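Okay, here's what each chain looks like letter by letter:
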Amino acid sequence: MNTNPINESIKLNLNNSMTYKVKEITIRDFSKYKDKERKEIIIVKQYNDSDAWIPSKLTSYLKKMCNDMSNNSKIKEGRVITIFLNYINHEISLGYNSVFDTLKEKGLYGLNFYHLSEFISSLQDINSYQTVKEKENILLKFYDFLYRLGITSEDAKVERVPVPVKNQNRNQVIWQIVNPFKGNPNFEVHYPDTDARLRREILKDMDEDLWEAFIDYAIDKHRNIALGVVFQIFGGIRQGEVVNLTLEAVELNEIKNHITLSIQD
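Let us look at the structure shown here. What you see is a predicted model, and the numbers here were worked out from it, not measured in a lab.

With that out of the way, let us pick up the pattern of salt bridges. In total, this model carries 10 salt bridges according to the counting rule given. The salt bridge partner of Arg 38 is Glu 40, with a shortest N-O separation of 2.5 Å. Relative accessible area serves as the criterion here: at 36%, Arg 38 is assigned to the partly exposed category. In this structure, Glu 241 and Arg 238 form a salt bridge, with 2.9 Å as the shortest nitrogen-oxygen distance. Three or more residues joined by partner-sharing salt bridges are found here, namely Arg 38, Glu 40 and Lys 63.

Shown next, in the form of structure tokens:
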């Protein structure tokens, strides 16, 4: 019997009919003889141009590796993984980079560090150095998870080294992941520049057509958060302040055509 939660039927979506996404769902919890609702973070494959989706077996990563994290942290890790998988699918569909050819038949079973190095390099002009390194660390955990399940081969094995730490006057050891790209001439990974003087100038204002496009997209694709996007764009409030708003904190003035938000820290 195969006890592997990600069995050999897992393949990548080569026809681009589906996209990997992270969803927060509400489930009924009957454990400990209590009937209650709780939020669960899952990875899904959503059909493009449709609200229909199916759960992905990759959710087992969030359950095994992120079980002690908050839902926000699970969402963060899940998004990095789904962005990576969607990037792989896109590269396969383009057919320009032979590095991805092995994934056409093998799916995740053909994954190796060349695919990760290509993805990390693609972030050079998109994210800051710190953000790229955070994504890299999450994906190395993901690689380690797949290898331990027997999904990937030695080409995707993540090495770990013992690092001594002191805990309440006792010497202990934690096993730290080794970056496979550091000092390895077989890989050419391009990171964003760490020198702030050389970074691109950050835009302080968003053009009208751009924020209108943001709002239109939110209304069309993510209606449940569209109002929060409006609050962020026009009010300059942060994500945490949006999700903590209550109905009583929102005051609509139709005569003056504006909304007042009462934000409590």
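As a packed pair, helix H4 (residues 113–122) and helix H5 (residues 129–148) sit with axes 11 Å apart at the nearest point and diverge in direction by 160 degrees. Classed by the angle they form, the pair H4 and H5 counts as roughly antiparallel. Of the two possible hands of crossing, H4 and H5 adopt the one that is right-handed. Residues Phe 113, His 115, Leu 116, Phe 119 and Ile 120 of H4 form the contact with H5, whose participating residues are Val 132, Glu 136, Leu 139, Leu 140 and Tyr 143. Across the contact of H4 with H5, the residue classes tally to 8 nonpolar, 1 polar and 1 charged.

In a pair of packed helices, the angle between the axes and the distance between the axes together describe the arrangement. Running from N to C, helix H2 (residues 71–94) and H4 point in directions that differ by 105 degrees, and their axes come no closer than 11 Å. Between H2 and H4, the interaxial angle falls into the category roughly perpendicular. In this structure, H2 uses Ile 83, Phe 84 and Tyr 87 to contact H4, whose residues at the interface are His 115, Leu 116, Glu 118, Phe 119 and Ser 122.

Judged from the 12 bridges that link them, strand S1 (residues 18–29) and strand S2 (residues 36–47) form a sheet pairing that is antiparallel. The residue of S2 that forms the bridge with Thr 19 is Gln 46. As paired elements, S2 and strand S3 (residues 53–55) share 3 bridges and run antiparallel to each other. Among the inter-strand pairings, Lys 45 is bridged to a residue of S3, identified as Ile 54. In this antiparallel pair of consecutive strands, S2 and S3, the connection spans 5 residues, and Asp 49 shows a positive phi of 60 degrees.

So, on to the sheet that holds S1. An order of S1-S2-S3 is seen for the 3 strands of this open sheet, with the pairing classed as antiparallel. A single partner strand is all that each edge strand has here, and the edge strands are S1 and S3. Across the sheet, the mean angle separating the axes of adjacent strands is 40 degrees when strand polarity is ignored. This element, H2, spans S1 and S2 of the sheet and lies at about 150 degrees to S1.

Core analysis: the biggest nonpolar cluster contains 38 residues, and Phe 84 and Leu 116 have the highest contact counts within it. Looking at this core, the elements that each hand over two or more residues are S2, helix H1 (59–65), H2, H4 and H5. The next biggest cluster of nonpolar side chains, apart from the first, holds 5 residues, and it includes Phe 231, Ile 237, Val 242 and Ala 249.

Let us look at the packing of aromatic side chains. Overall, the coordinates contain 11 aromatic pairs when judged by the stated rule. When the centroid spacing of 5.4 Å and the interplanar angle of 80 degrees are considered together, the rings of Tyr 61 and Phe 145 count as edge-to-face. Taken as a pair, Tyr 61 in helix H1 and Phe 145 in helix H5 lie far apart in primary sequence, 84 residues in all. By relative accessible area, Tyr 61 is classed as buried at 0%.

Take the environment of Val 44 next. For Val 44, the position within the fold is in strand S2. According to the relative accessible area criterion, Val 44 is buried, its value standing at 0%. Taking the C-alpha atoms as reference points, Val 44 and Ser 56, separated by 12 residues in sequence, lie 4.7 Å from one another.

Each α-helix turn comprises 3.6 residues. Residues three or four places apart therefore point the same way. Taking 1.5 Å as the rise per residue, H5 with 20 residues should run 28 Å; its terminal C-alpha atoms sit 29 Å apart, in good agreement. Listed in full, the buried residues belonging to H5 are Val 132, Lys 135, Glu 136, Ile 138, Leu 139, Leu 140, Lys 141, Phe 142, Tyr 143, Asp 144, Phe 145 and Leu 146. Where H5 is buried, its residues meet H1, H2, H4, strand S4 (160–167) and strand S5 (170–177). Phi turns positive one or two residues past the end of H5, at Gly 150, with a value near 85 degrees.

For the rest of this paragraph, the subject is unusual backbone geometry. You will see that Asp 49, though not glycine, has its phi angle at about 60 degrees, which is positive. Residue placement: Asp 49 occurs in the loop between S2 and S3.

Calculation rules
Residues numbered from 1 in each chain as written. Predicted model: local features only at pLDDT ≥ 70, side-chain atom pairs only at ≥ 80, totals over all residues. Heavy atoms only, no water. Salt bridge = Lys/Arg side-chain N within 4 Å of Asp/Glu carboxyl O. Buried < 20%, exposed > 50% of the residue type's maximum accessible area, 1.4 Å probe, protein only. Axes fitted to C-alpha atoms, helices over the stretch in contact; angles between N-to-C directions. Helix = DSSP H or I, 4+ residues; strand = E, 2+ residues; numbered from the N terminus. Parallel < 35°, antiparallel > 145°, perpendicular 65-115°, else oblique. Left-handed = near helix turned anticlockwise from the far one by under 90°. Contact = heavy atoms within 4.5 Å. Nonpolar A, V, L, I, M, F, W, Y, C, P; charged D, E, K, R; others polar. Pairing = 2+ DSSP bridges. Core = buried A, V, L, I, M, F, W, Y, C linked by side-chain atoms within 4.5 Å. Phe/Tyr/Trp six-rings, centres within 6.5 Å; stacked < 30°, edge-to-face > 60°. Expected span 1.5 Å × (residues − 1).

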